[in-house]
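# Coordinate inspection notes
The chain contents come next:
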Amino acid sequence: MKVVIKKPNGEKINITNLVDTVTWSGSVNQASRQIEISVLNSPIDKNIADININLGDRILFYEDGKLLINAMVYTRERQSEQG
């Protein structure tokens with residue numbers, strides 16, 4: 001599995017090591033597919049990079065080197081729980 005964020009300016013950021021979970025649905029035969037990812041986030045731990053995923057960015061999801069999903073970010077939610 002490999003997850004890459006592609007910014008509108010073409011910049012690509014590999015976030016695979018920060019992804020906690022990936023849930024995707026749909027198939028090549030369907031008109032649309034959906035992907036949901038959970039990314040590690042810790043405002044107090046400087047060892048975890050702060051990745052800013054914006055609306056309009058693209059999520060590229062690869063499995064065994066093959067691109068399965070190239071989806072635009074339409075919604076996002078950021079939660080920060082400490083303790």
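Heads up: these notes are all about the structure in this document. (Residues numbered from 1 in each chain as written. Predicted model: local features only at pLDDT ≥ 70, side-chain atom pairs only at ≥ 80, totals over all residues. Heavy atoms only, no water.)

## Considering the environment of alanine 49
Quick note on the threshold: Think of it this way: any DSSP run of H or I at least four residues long counts as a helix, any run of E at least two long counts as a strand, and we number them from the N terminus. To sort residues, take the accessible area from a 1.4 Å probe on protein chains only and compare it with the maximum for the residue type: under 20% means buried, over 50% means exposed, and anything in between is partly exposed.
In this structure, alanine 49 sits in the loop between strand S4 (34–39) and strand S5 (58–63). Look at alanine 49 and you get partly exposed, because its relative accessible area is 43%.

## Looking at the nonpolar core
So the rule is basically this: The nonpolar core is taken to be a set of buried Ala, Val, Leu, Ile, Met, Phe, Trp, Tyr and Cys residues, with the residues joined through side-chain atoms within 4.5 Å. Residue contacts are counted whenever heavy atoms from the two residues lie within 4.5 Å of one another.
If you look at the biggest cluster of nonpolar residues, it comprises 14 residues, and the most contacted ones within it are Val3, Ile15, Ile35, Ile37, Ile53 and Ile59. Those elements giving two or more residues to this core turn out to be strand S1 (2–6), S4, S5 and strand S6 (66–72). Setting aside its immediate chain neighbours within four residues, isoleucine 59 contacts Val3, Val4, Ile5, Ile35, Ile37, Ile69, Asn70, Ala71 and Val73.

## A look at the packing of aromatic side chains
Selection criterion: Working definition: rings of Phe, Tyr and Trp (its six-membered ring) pair if their centres are within 6.5 Å, and the pair is stacked with planes under 30 degrees apart, edge-to-face with planes over 60 apart, and tilted otherwise. Whether a charge sits over a ring comes down to the Lys NZ or Arg CZ being within 6 Å of the ring centre and within 35 degrees of the ring normal.
Tallied over the entire structure, the rule returns 1 aromatic pair. Taking the centre distance of 6.0 Å and the plane angle of 50° together, the rings of tryptophan 24 and phenylalanine 61 count as tilted. One end of the pair, tryptophan 24, is in strand S3 (residues 19–25); the other, phenylalanine 61, is in strand S5, with 37 residues separating them in the sequence. Judged by relative accessible area, tryptophan 24 falls into the partly exposed class, the value being 39%. Under the relative-accessibility criterion, phenylalanine 61 is labelled buried at 3%. The lysine or arginine in question, lysine 2, covers the ring of tyrosine 62, its NZ or CZ lying 5.4 Å from the ring centre.

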